[in-house]
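Geometric and topological summary
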Amino acid sequence: MSTENEGTAVPPAPSAPPVPVDAPTPSAPAAPEGSDRTAPLPPVPPSAPGAQEHTQEQQPTHTGSAPDASWPPPAMPSYADSGAGGAGAGWGSSYQQQPAPKSGRGGLVAAILVAALVAGGLGGGLGYTLAKNNDDNTGSTTVSASTSGGAVKRDAGTVAGVAARALPSTVTIEAESTSGEGGTGTGFVFDTQGHIVTNNHVVADAVDGGKLTATFPNGKKYDAEVVGHAQGYDVAVIKLKNAPSDLKPLTLGDSDKVAVGDSTIAIGAPFGLSNTVTTGIISAKNRPVASSDGSGSSSASYMSALQTDASINPGNSGGPLLDASGNVIGINSAIQSTGSGGLGGTSQSGSIGLGFAIPINQAKYVAQQLIKTGKPVYAKIGASVSLEDSSSGAKITEQGAGGSAAVESGGPADKAGLKPGDVITKLDDHVIDSGPTLIGEIWTHKPGDQVTITYERDGKSHTVQLTLGARTGDS
């Protein structure tokens, strides 16, 4: 799957209904058959906002091997940042006058028509007289108007209600390196002490002495500093300098209880357009996504993502993905992209309805570790797995990176009896089809968690339980 870390033509308006045709009098000639169809409005051309941001792009698969299942190998693919419909049938239909009847009832028909005309004239005359009298009495015509000034009360459960509560707790982040490079992303208030959660790739440029600012929807801007960042999880925590005392953290939901079809609301700054709100649904769960920053280094990010069709674009990275009640269920991180724009490229593609978010249960654990120690802690099985494109499972390699052992001596995999050449096909109830999928699933757990591994050896399936180990830091 090729994805881009971050996230059509408008169809024409339907034809307008026709003006009703007045009924002809009996003496009128027959109207010609056919009718004029209203022309459709021209399609609205799509707009193209500017302001790109630094993003990561997602690539499908990768050849090579990782030193163990808790970290990828040196060579990962590079991922970068940041119809008109045809006109339908027209409205209206043709009208044709019917020939007068040839029977003796013609006189009766004429009498009825005359009576109808008299009644119509009388009604019109009465209406005019009343209106005129009223005009004469008041001297003006009264027009009814709202006394509320157009105020609308919206329920708290509507999208507008959720957005009104969540927007004040989101920020637009600008990160700039010492060389002046950087981009725009999003974050949200994590606690009352001024900690903001976002993506690692949003703040990566400002890690080593760069400049970092966070701007709230009310226009207040604060300088900030990086508290900790986790390349593997693509999660970072920053802290506002001189944080205000009235911060309202967003409520965190339970991403394990999210169901496909649940409503979603995304908040971010797509292409620099701060405080943008979009909606959609959860379109899939446990979607394996792997990405790197395009630098060619061994650093990479893996997630078992929530997939959403809410519009997500470059600039949404790090922003909250909310449920219908306004609880954070994920951190928007990547989009599926049809474009080829890379890091530093001249083009960025937008949303095609395939966005990916880090589940909040995982992000919460990572953020708490970063606030506590400044370093991430990763779960691991202590085995090197192949990252080749495969649908059969995650194969333990014959040798680890740099000539090290593929199975760490005394590690969780070694204690469970796993060996080089074994192909892991399941972790608990989750099907494993590749090395990146295995790593993403392992990282949804915490060190010390017990998991069930299903693997194949010599054509036979085996099941074993193991306790996940721990690794601290990204290096």
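Preceding this paragraph is the structure being described.
Residues numbered from 1 in each chain as written. Predicted model: local features only at pLDDT ≥ 70, side-chain atom pairs only at ≥ 80, totals over all residues. Heavy atoms only, no water.

Time to look at the pattern of salt bridges. Within the structure shown, the criterion is met by two salt bridges. Between K380 and E408 there is a salt bridge, with its nearest N and O atoms 3.0 Å apart. Placement of K380 in strand 15 (residues 377-380) and of E408 in the loop between strand 16 (394-395) and helix 5 (412-415) is noted, with a sequence separation of 28 residues between them. (Salt bridge = Lys/Arg side-chain N within 4 Å of Asp/Glu carboxyl O. Helix = DSSP H or I, 4+ residues; strand = E, 2+ residues; numbered from the N terminus.)

So, on to the packing of aromatic side chains. Summed over all chains, the structure comprises five aromatic pairs. Each ring, one from F216 and one from Y222, has its centre 5.8 Å from the other, and the planes form 90 degrees; the classification is edge-to-face. (Phe/Tyr/Trp six-rings, centres within 6.5 Å; stacked < 30°, edge-to-face > 60°.)

Turning our eyes to something else, we now look at unusual backbone geometry. Positive phi is not limited to glycine here, since N286 has a value of about 55 degrees. Here N286 lies in strand 10 (residues 276-292).

We now examine the pairing of strand 9 (residues 263-268). With respect to burial, strand 9 is a largely interior element, five of its six residues being buried. Sheet topology note: the strand 9/strand 12 (residues 320-322) ladder contains two bridges and is antiparallel. Its bridge partner being in strand 12, I265 is matched across the sheet by L322. (Buried < 20%, exposed > 50% of the residue type's maximum accessible area, 1.4 Å probe, protein only. Pairing = 2+ DSSP bridges.)

Right, let's talk about the nonpolar core for a bit. Core analysis: the largest hydrophobic core is formed by 59 residues, its most contacted members being I424 and L438. Membership of the second largest hydrophobic core comes to 17 residues, among which are I173, A214, A224 and I238. (Core = buried A, V, L, I, M, F, W, Y, C linked by side-chain atoms within 4.5 Å.)

Strand order in the closed barrel made by the six strands is 3-4-5-8-7-6, with antiparallel pairing throughout. Averaged over all pairs of adjacent strands, the angle between their axes in this sheet comes to 40 degrees, without regard to strand direction. Here three bridges tie strand 6 (residues 211-215) to strand 7 (residues 221-230), and the two strands are oriented antiparallel to one another. Among the inter-strand pairings, A214 is bridged to a residue of strand 7, identified as Y222. Taken strand by strand, helix 4 (residues 360-373) contacts strand 4 (182-189), strand 5 (195-198), strand 7 and strand 8 (235-240), and its axis lies near 55 degrees from that of strand 8. (Axes fitted to C-alpha atoms, helices over the stretch in contact; angles between N-to-C directions. Contact = heavy atoms within 4.5 Å.)

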